[in-house]
Amino acid sequence: MSDARTALDEQDAPAPVAVPASTVTAVPDGPAGPATAVDVRGVSKVFTTKAGTVTALDDVHLRIAAGEFVSLIGPSGCGKSTLLRLVADLDEPSSGEIEVFGRSPRVAREAQDYGIAFQQAGLLPWRTVAANVELPLELHGVGRRERAARAADLLALVGLTDFARHFPHQLSGGMQQRVAIARSLAERPSLLLMDEPFGALDEMTRERMQTELVRLCAETGAAVVFVTHSIPEAVFLSQRVVVMSPRPGRITQVVPVDLARTAERTDDLREDAAFFAAVTAVREALHGGTPATARGVDVR
Amino acid sequence: MSSAPAPAGAVRSSARRAARSAGWAAAAVVLLVVLWEVVKAVVPDTGWHVGEASVLPRTDDVAMPHVWDVVTRLGQPETSAAGAPTVLGAMLQAGWFTLRVAAAGWVLGVVGGGLAAVLMARWRVAESALLPWVVLSQTVPLVALAPLVVGWGGRIEIGAFAWQKWMSVALIASYLAFFPVAVGMLKGLQSPTTAQVELFRAQAASWGRTLVSLRLPASVPYLLPALRLAAATAVVGAIVAEVSTGTRGGVGRLVIAYAQAASGDPAKPWAAILAAAVLGLVAAGLVTLLGLGLGRYRHAEVS
Amino acid sequence: MSATSGTAGAAGTAVTAGTAPRRRASLARLGRLLAPVLLGVAVLVAWQALVVGADLPPYLLPSPTAIAEQLREVVPLVWSAALATGANVLVGLLVGAATAVLAAVVAARSRMVDGLLSPTAAAVSVMPIVALAPALNTLFGTTSTTPRRLVVAVVVFAPVFVTTLRGLRQVQPVHRDLMRAYAATGAQTTRTVTIPGALPYLFTGLRIASSTGVIAAVVAEYFGGLQNGLGSRITSAAANSAYARAWAFVLGAIVLGLVFYLATAAVERVVARRHGTVPDVT
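This structure is a prediction, so every number in the text was calculated from the model and none was measured.

### Some thoughts on the packing of helix H3 (residues 64–109) of chain C against helix H4 (residues 111–126) of chain C
Residue and element names in this part refer to chain C. Where H3 meets H4, the closest approach of the two axes is 5 Å, and the angle between their N-to-C directions is 130°. Between H3 and H4, the angle falls in the class oblique. Both H3 and H4 take part in a crossing whose hand is left-handed. Between H3 and H4, the residues in contact are Ala103, Val106, Ala107 and Arg109 and Arg111, Val113, Asp114 and Leu117, respectively. Considering only residue class, the contact of H3 with H4 consists of five nonpolar, no polar and three charged.

### Details of the environment of A:Leu216
All names here are of chain A. The topology assignment puts Leu216 in helix H7 (residues 203–220). Spatially, the C-alpha atoms of Leu216 and Val158 are 8.3 Å apart, while their sequence positions differ by 58 residues. Beyond its immediate stretch of four places on either side in the chain, Leu216 contacts Leu157, Val158, Ile181 and Leu185.

### Some words on the nonpolar core
B:Trp106, C:Val151, C:Phe161, C:Tyr222 and C:Phe223 are the most contacted members of the largest nonpolar core, which totals 128 residues. Not counting residues within four places of it along the chain, the set of residues in contact with B:Trp106 comprises B:Ala177, B:Leu227, B:Ala230, B:Ala231, B:Ala234, B:Val287 and B:Leu290.

### Topic: H4(C)
All names here are of chain C. Its 16 residues place the ends of H4 23 Å apart at the C-alpha level, agreeing with the 22 Å of an ideal helix rising 1.5 Å per residue. If you check which residues of H4 are buried, you get Asp114, Gly115, Leu116, Pro119, Ala121, Ala123, Val124 and Val126. N-cap assignment for H4: the residue whose side-chain oxygen lies 3.3 Å from the backbone N of Met112 is Ser110.

### So, the pairing of strand S8 (residues 240–245) of chain A
Residue and element names in this part refer to chain A. For S8, the buried fraction is high: six of the six residues fall into the buried class. Neither face of S8 is open: one carries Arg240, Val242 and Met244, the other Val241, Val243 and Ser245, and all of them are buried. Across four bridges, strand S3 (residues 69–73) lies against S8 in parallel orientation. What sits directly across from Ile73, in S8, is Val243. Here S8 runs beside strand S9 (residues 250–256); their pairing, made up of six bridges, is antiparallel. Across the sheet, the residue bridging to Met244 is Ile251, located in S9. Adjacent in sequence and paired antiparallel, S8 and S9 are bridged by four residues, among which Arg247 carries a positive phi angle near 45°.

### Brief notes about the sheet that holds strand S1 (residues 36–49) of chain A
Residue and element names in this part refer to chain A. Within the open sheet, the three strands sit side by side as S2-S1-S4. Their pairing is antiparallel. Strands with a single pairing partner mark the edges of an open sheet, and in this sheet they are strand S2 (52–65) and strand S4 (95–100). When the angles between neighbouring strand axes are averaged without regard to direction, this sheet yields 20°. In this structure, S1 lies alongside S4, joined through five bridges in antiparallel fashion. Among the inter-strand pairings, Asp39 is bridged to a residue of S4, identified as Glu99. Along the sheet face, helix H2 (residues 80–87) touches S1, S2 and S4 and points at about 115° away from the line of S1.

### A few points about the interface of chain C and chain A
By convention, interface size is frequently given as the accessible area that disappears when the constituent parts associate. Each partner contributes to the interface: chain C provides 20 residues, whereas chain A provides 23 residues. Summed over both sides, the interface of chain C with chain A buries roughly 2000 Å², with 60% coming from carbon and sulfur. Considering only the side of chain C, the residues that lose the most area to chain A are C:Arg180, C:Ala181 and C:Tyr182, jointly responsible for 32% of the buried surface there. Viewed at the interface, chain A and chain C are joined by two salt bridges. When the shortest N-O distance is used, the salt bridge between C:Arg180 and A:Asp89 registers 3.5 Å. Linking chain C with chain A are 10 residue pairs in polar contact (both at pLDDT 80 or more).

### Describing the domain arrangement of chain B
All names here are of chain B. Once the domains are mapped, chain B shows domain 1 (1–64) and domain 2 (66–297). Counting residues at the interface gives eight residues for domain 1, matched by seven residues for domain 2. In terms of surface lost to domain 2, no three residues of domain 1 exceed Trp36, Glu37 and Val62, which account for 62% of the buried area on that side. In this structure, the connection of domain 1 to domain 2 is made through zero salt bridges.

### Things to note about a nonpolar patch on the surface
Residue and element names in this part refer to chain B. A cluster of nonpolar side chains, Leu274, Val278, Val282, Leu286, Leu289 and Leu292, forms an exposed patch at the surface whose accessible area comes to about 530 Å². Residue position: Leu289 is located in helix H10 (residues 268–292). For Leu289, a relative accessible area of 53% gives the class exposed.

### Some points on the packing of aromatic side chains
Aromatic ring pairs are reported here in terms of the distance separating the ring centres and the angle at which the planes meet. Taken as a whole, this structure holds eight aromatic pairs over all chains when the rule is applied. Aromatic side chains A:Phe275 and A:Phe276 sit 5.8 Å apart centroid to centroid with 70° between the ring planes, which places their arrangement in the edge-to-face category. Among the aromatic side chains, those forming a connected cluster through ring pairs are A:Phe69, A:Phe198 and A:Phe226. One cation-aromatic arrangement involves B:Arg122 over B:Trp207; the distance from NZ or CZ to the ring centre is 5.0 Å.

### Focus on unusual backbone geometry
Residue and element names in this part refer to chain A. Following Arg247, the chain continues into Pro248 via a peptide bond in cis, with omega recorded as -10°. Of note, Pro248 is situated in the loop between S8 and S9. Even without glycine at this site, Phe101 takes up a positive phi of about 50°. Position of Phe101 among the secondary structure elements: in the loop between S4 and helix H3 (105–110). Relative accessible area serves as the criterion here: at 23%, Phe101 is assigned to the partly exposed category.

### Comments concerning the sheet that holds S8(A)
What holds strands together in a sheet is hydrogen bonding between their backbones, with the strands either parallel or antiparallel. All names here are of chain A. What the six strands build is an open sheet, ordered S5-S6-S7-S3-S8-S9; its pairing is mixed. The open sheet terminates on both sides in strands that have one partner only, identified here as strand S5 (114–117) and S9. Taken pair by pair, the neighbouring strands of this sheet meet at an average axis angle of 15°, ignoring direction. Note that S3 and strand S7 (residues 223–228) share five bridges and pair parallel. If you follow Ser71 over to S7, its bridge partner there is Phe226. Contacts from H7 reach S3, strand S6 (191–195) and S7, with the element oriented near 160° to S7.

### What about the interface of chain C and chain B?
Every contact between the two is made by 52 residues of chain C and, on the other side, 56 residues of chain B. Carbon and sulfur atoms supply 76% of the area buried between chain C and chain B, which totals about 4700 Å² over both sides. Broken down residue by residue, the surface that chain C buries against chain B is led by C:Tyr59, C:Val126 and C:Leu139, which jointly contribute 13%. Applying the counting rule to chain C against chain B returns zero salt bridges. On the surface where chain C and chain B come into contact, there are one residue pair in polar contact (both at pLDDT 80 or more).

### Observations regarding the environment of B:Glu78
Residue and element names in this part refer to chain B. Following the sequence through the fold, Glu78 ends up in the loop between helix H2 (67–75) and helix H3 (87–122). Remark: the alpha-carbon pair of Glu78 and Tyr258, spanning 180 residues in sequence, is separated by 9.8 Å. Sequence-distant contacts of Glu78, defined by excluding residues within four places in its chain, comprise Arg73, Ala84, Pro85, Thr86, Val87, Ala90, Leu254, Tyr258 and Lys268.

### Focus on the confidence of the model for chain A
Residues and elements named next belong to chain A. For chain A, mean pLDDT is 78; residues scoring 70 or higher make up 83% of the total. Of all the helices and strands in chain A, helix H1 (residues 3–12) carries the lowest mean pLDDT, 40, while S7 carries the highest, 91. Of the regions scoring below 50 in pLDDT, residues 1–33 engages in 64 contacts with residues more than four places distant in sequence or in other chains.

### Some points on the side chain of A:Arg150
All names here are of chain A. Mapped onto the elements, Arg150 comes out in helix H5 (residues 144–157). The charged side chain of Arg150 is buried without a salt bridge, its nearest counter-charge being Asp153 at 4.9 Å. Look past the residues within four positions of Arg150 in its chain and what remains in contact with it is Leu137, Leu185, Ala186 and Arg188.

The rules behind the values
- Residues numbered from 1 in each chain as written.
- Chains lettered and ligands numbered in written order.
- Predicted model: local features only at pLDDT ≥ 70, side-chain atom pairs only at ≥ 80, totals over all residues.
- Heavy atoms only, no water.
- Axes fitted to C-alpha atoms, helices over the stretch in contact; angles between N-to-C directions.
- Helix = DSSP H or I, 4+ residues; strand = E, 2+ residues; numbered from the N terminus.
- Parallel < 35°, antiparallel > 145°, perpendicular 65-115°, else oblique.
- Left-handed = near helix turned anticlockwise from the far one by under 90°.
- Contact = heavy atoms within 4.5 Å.
- Nonpolar A, V, L, I, M, F, W, Y, C, P; charged D, E, K, R; others polar.
- Core = buried A, V, L, I, M, F, W, Y, C linked by side-chain atoms within 4.5 Å.
- Buried < 20%, exposed > 50% of the residue type's maximum accessible area, 1.4 Å probe, protein only.
- Expected span 1.5 Å × (residues − 1).
- Polar contact = N/O pair within 3.5 Å; in protein donor to acceptor, adjacent residues only side chain to side chain.
- Pairing = 2+ DSSP bridges.
- Buried area = accessible area lost by both parts, 1.4 Å probe.
- Salt bridge = Lys/Arg side-chain N within 4 Å of Asp/Glu carboxyl O.
- Domains from an automatic or database assignment.
- Patch = residues over 30% accessible without salt bridge, like charges linked within 9 Å, V, L, I, M, F, W, Y side chains within 5 Å.
- Areas by Shrake-Rupley, 256 points an atom, 1.4 Å probe, with all protein chains shown as cover.
- Phe/Tyr/Trp six-rings, centres within 6.5 Å; stacked < 30°, edge-to-face > 60°.
- Lys NZ or Arg CZ within 6 Å of the ring centre and 35° of its normal.
- pLDDT = per-residue confidence, 0-100.
- Lys, Arg positive; Asp, Glu negative; His and termini not counted.

Structural data, given as structure tokens:
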């Protein structure tokens, strides 16, 4: 399974140099340096179900630099969420290795190196908005006063200061998702793992949230692994878009997005010619139409 | 969850689950027997009191006979009179009697509850007027009325029809079966989604057509647990009614008569309890059998 | 109903357009509240008319006025009997619920305990538990309240156990993932996610159990034993052909059932509101 790696290598060359730290090495193997946030080496994941075995991921290689924004995109069943869950140590790979900031995912999880957000906000309905944001801090023994101060900062960051004492069911879906994102930032992680966090939102809310996320990432400087179904979303947010295909889940191509510095991306960008060009590039990669792909991708 | 017809594998796995469940239930019975004998061996014969209240039971042979004594007693004649049936025979006879009366009450209650549910689903006024009373009556001990229906036995005669005592019993049983069916079925009739209802509306389907093709099939997952509950309450109602009406021949009578014989024949009360417990299980089991043929309507069964 | 909406429509044309729908809505709400009351009054009036008109003998059905008259006479007796039965319900409810919660917590952790208890609870829920009453009288003595309280406790156990176990099991996958991502310990997960999530279920089970508990407590008295509760009073009044008086005690039993239902339903609502969820348990 060398084509994915080839694709990766080819696409690595024109990687954007927006953030100085995000030098994307073209060497898929070898020790990961401190500037690497996530290093995935030859990872496969096989699930055993009643119907037999399903290969969710097959020999996946991916390196994400510190501070880099990478999206994983592909049709349902291509293993993008599985890959994210492996990085988060919510599941274990069947074979291959993963490192998060040079440590095993388990150690990284226990050290709270990453923050995480899912498609469902997953707020605890019996806790106020502020108490939900404080949850990870509370679990890790941060004092009451410090927690309150941090939650206030984070709610200001996502623009929900006035709703601190509300309960989740009093909030709209977009507001709940903003609380979930604030919560994922509580521990000041240098890596954010996001599994379709805007998947259940309407298009308008979604675009606003994307703009907000770009700003948040610029402020925190965290690396982001962002799973999505949406091509424009991936292009708007990322420095690199990792295109995956199902049965078995593989990386077919990595598309660099050569747009403005991530921090400077605004809504105007959505109407920019370069934006459309990048969208087209990702779409063609998804449909397996570019000469860059070594083989066709089955997208049904 | 899937809408595909259940494949053979699913049927087999549900059969395996049922078998495993039955195995656990058997283990629970064994455990109960062991617990019984341990309590009997450990707790003093006079029981244990905290102040006035007795906390642990008397465990002498009169109050708490050995399990094997109860089992042997089942095979022996009920009384010393010549030609008396065995205790087991008496239990079966009484169980059969009560089961029939409870079934009569159940049918009556289910028909009435179903009609009430359709009525409430059809007219909002009927729902707002009736439902609070139906819900209310589920929460209050209406079975307390049982002793008051006693008086009807042998006193009402309308032409050739004479009110029998067992009819009082069946009436009380039906009364208890009515409420869970009315509530459960109404919930089921109202369970189709707006999209489904609007689909029928868009096809200009009549209310009756919508009822038959949409609401009734959709109510099955709600109806079956309600029917099971109704069977259980019908049995409770029948036994309680037998006790308070003094109706002979049923399990209720057996419970009282055998309890009175306890001092001389300590195994008897427990035999009667066994009969009552098995009767409840049989009634619920029969209703569960009814549901077996309705597999395809039962995707989202609620309990 | 058509008459009411007709008036609302006529009023709507007279006043400004904005208030018309609101007025119609409030009229509809009034109708919804009034309908059961009207039905109740209608049934009472019909009952009275039937008894008086058809000259029904009291053993068949005493009239509401006769019952009210009797009730006025025996109110202190109804009160003391209701207290005795109510105490049985309360103790049985607390003991049964506490045992059930404990059992559910253990069953949620142990497959074996779950395997033993779940079918048992399912079986108990369809068995006529009151039949235990006479045997329990032999075990604990006929002058003891323990048999009745035990009957209530057993009846209460099944629904509370089943709902609480379901509550303990319903932890959403996203919450489980989140707690794992936070590297939360088992105790932390139990404290922050499992128990708060299960509480509404527990109280729903308690609300269901309170009704069946009251019924069991009253009915258990039909099977002999102490003669101080509502059930015993109903049977003895009926046996003395004092039918209107028996109905007065039945009324007391109904009020007792309502008190327990409303109390547990209120607690359930408070908990459900605080926890933002209402479990769908019928």
